[in-house]
Every structure is written in C-alpha cells, then in structure tokens.
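Report on the structure
Chain residues, written in single-letter form:
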Amino acid sequence: MSQLSDSPCLSCGACCAAYRVDFSACEMQDMGGSVPMGLATEVTGNTWRMRGTDHLPVRCGALTGNVGERAACGIYEWRPGPCRELEPGSDGCQRARQRHGLAPLML
Ligand code: SF4
Ligand code: SF4
C-alpha cells in the first residue's frame, strides 16, 4: 500500500485484505525493526506474519477504514517490506482490486 495524499490507495486498501503478509523476524520492533509487536505473530523462528492476513476473509489488523471506499495503513511508516514493495498498478495490486470487485487501476 502506498499512502501519499493523492494516492489511489487511500480509496482502496484491497491488497491489505487480499494477501498473507509474511516477513523476516528482523523487521519486528523487538528485533531491531519497526513493526509493532502486537500486530504480527510468529510463524517460524525467522518469519512473522501480519495479524489477520491468514484469516478468511483476509484483513490485516493494521488496516483502517473500508476497502474500496476509504482506507489507510495504521502503521504506514512502520509497515513491513512486502507492503513497501507492492506498488499501485502492479500485478499484485490489480489482482487484489479484482478480488474486491474494484476496477483496474489506470495510472
Ligand atoms: S491494491 Fe493497489 S491501489 Fe489498492 S491499496 Fe493496494 S497498492 Fe494501493
Ligand atoms: S501493514 Fe499496512 S500496508 Fe501492510 S497489509 Fe497491513 S494495513 Fe496494509
């Protein structure tokens, strides 16, 4: 999710309610990273997962608002790597939007 003030993500949030979000343990706050401890769970010794992203329906515990209307990441500055890497207009973005019945993003 991208969150500049004119970003299409602010009226979307679909990718935060579509995918499992796993990342390295070193991204967790207690291990020198930035992701708040309460928002992720340990999967294996080296891998952590954003809470809510392995439930059905998928919805990251850090997502605020309503998908497709108004949405924001509650830990935007501290979000893990996979969230930083998923760019608006990418295949992953478009697939997530499709899953939520949203039109493809035209950039
Ligand atoms: S699905 Fe695309 S437009 Fe929607 S929040 Fe994610 S990156 Fe942004
Ligand atoms: S941490 Fe933020 S950007 Fe990443 S999935 Fe959750 S709400 Fe979306």
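Report follows, based on the coordinates. All figures in this text were calculated on a predicted structure; none of them were measured in a lab. Counting starts from 1 at the beginning of each chain's written sequence and moves along it residue by residue. In the order they appear in the text, chains get letters beginning with A and ligands get numbers beginning with 1. Restriction of local features to residues with pLDDT of at least 70 applies here, the model being predicted, together with a cutoff of 80 or more for giving and counting side-chain atom pairs; totals for whole chains, interfaces and linings are based on all residues. Side-chain metrics rest on all non-hydrogen atoms present in the structure, leaving aside hydrogens and water.

1. Some points on the site of ligand 2
Let me state the cut-off plainly: Note on terminology: near, applied to a residue and a molecule or strand, indicates that one of the residue's heavy atoms is within 4 Å of it. All amino acids are sorted into three groups, where Ala, Val, Leu, Ile, Met, Phe, Trp, Tyr, Cys and Pro are nonpolar, Asp, Glu, Lys and Arg are charged, and the leftover types, Gly among them, are polar.
Neighbouring ligand 2 are Met-1, Cys-16, Met-50, Cys-60, Ala-62, Leu-63, Cys-73, Ile-75, Arg-79, Pro-80 and Cys-83. Of the residues belonging to the shell around ligand 2, the class tally is 10 nonpolar, no polar and 1 charged.

2. Digging into the environment of Ala-14
Quick reminder of the rule: To qualify as a helix, a DSSP run of H or I must reach at least 4 residues; to qualify as a strand, a run of E must reach at least 2; elements of each kind are numbered from the N terminus. For each residue, the accessible area found with a 1.4 Å probe, counting protein chains only, is set against the maximum for its type, and the residue is called buried under 20%, exposed over 50%, and partly exposed in between. It only takes one pair of heavy atoms within 4.5 Å for two residues to be counted as in contact.
Its place among the elements puts Ala-14 in the segment before β1 (22-24). Of the residues examined, Ala-14 reaches a relative accessible area of 1% and is grouped as buried. When residues no more than four places from it in sequence are discounted, the contact partners of Ala-14 are Val-67, Ala-96, Arg-97, His-100 and Leu-102.

3. A closer look at the sheet that holds β1
Our working rule: A pair of strands is labelled paired if DSSP reports no fewer than 2 bridges between them. Working convention: axes come from line fits to C-alpha atoms, limited for helices to the stretch in contact. Angles between N-to-C directions cover 0 to 180 degrees.
Pairing within the open sheet is antiparallel, and its 3 strands lie in the order β1-β3-β2. Since the sheet does not close on itself, it has two edges, and those belong to β1 and β2 (40-42), each with one partner. Going from strand to strand, the sheet's axes swing by 35° on average, the running direction of each strand aside. Pairing of β2 with strand β3 (residues 47-50) involves 3 bridges; the strand directions are antiparallel. Residue pairing in the sheet places Ala-40 in a bridge with Met-50 of β3.

4. A short note on the packing of aromatic side chains
Any two aromatic rings considered together are summarised by their centre-to-centre distance and by the angle between their planes. The condition is simple: Side-chain rings of Phe, Tyr and Trp (the six-membered ring for Trp) are treated as a pair once their centres are within 6.5 Å; stacked means planes under 30 degrees apart, edge-to-face means over 60, and tilted covers the remaining angles. For a lysine, the NZ atom is tested; for an arginine, the CZ atom; a charge sits over a ring if that atom is within 6 Å of the ring centre and within 35 degrees of the ring normal.
A full pass over the atoms with the stated rule returns 0 aromatic pairs. Sitting over the ring of Tyr-76, Arg-79 keeps its end group 3.9 Å from the ring centre.

5. Details of the side chain of Arg-97
Positionally, Arg-97 belongs in helix α2 (residues 91-99). Not counting the four nearest positions on each side in its chain, Arg-97 is found in contact with Cys-12, Ala-14, Leu-102, Ala-103, Pro-104 and Leu-105.

6. Digging into the site of ligand 1
The environment of ligand 1 is made up of Cys-9, Cys-12, Gly-13, Ala-14, Cys-15, Leu-86, Pro-88, Cys-93, Arg-97 and Leu-105. Looking at the shell around ligand 1 residue by residue, the class counts come to 8 nonpolar, 1 polar and 1 charged.

7. So, α2
It helps to recall that an α-helix has 3.6 residues per turn; residues three or four apart then point in one direction. For the record, the criterion: As used here, the arc belongs to the directions running from the helix axis to the C-beta atoms.
Considered for burial, the residues of α2 that qualify are Gly-92, Cys-93, Ala-96 and Arg-97. Buried residues of α2, seen end-on, are gathered within an arc of 135° and therefore sit on one face of the element. Exposed residues lying more than 90 degrees from the buried face of α2 are Asp-91, Gln-98 and Arg-99. In the stretch just after α2, Gly-101 is the one whose phi turns positive, near 75°.

8. Section: unusual backbone geometry
The amide bond that connects Leu-56 to the next residue, Pro-57, takes the cis arrangement and shows omega of -5°. You can see Pro-57 is positioned in the loop between β3 and β4 (63-66).

9. As for the pattern of salt bridges
Going by this rule: A side-chain nitrogen of Lys or Arg and a carboxyl oxygen of Asp or Glu constitute a salt bridge if their distance falls within 4 Å.
By the definition in use, this model includes 2 salt bridges. For Arg-49, the salt bridge is made with Asp-22, and the minimal N-O distance between the two is 2.6 Å. With Arg-49 in strand β3 and Asp-22 in strand β1, this residue pair connects regions lying 27 residues apart in the sequence. The salt bridge involving Arg-49 is made with Asp-54; its shortest N-O contact spans 3.1 Å. The network of salt bridges with common partners includes Asp-22, Arg-49 and Asp-54.

That is the geometry; function is a separate question.
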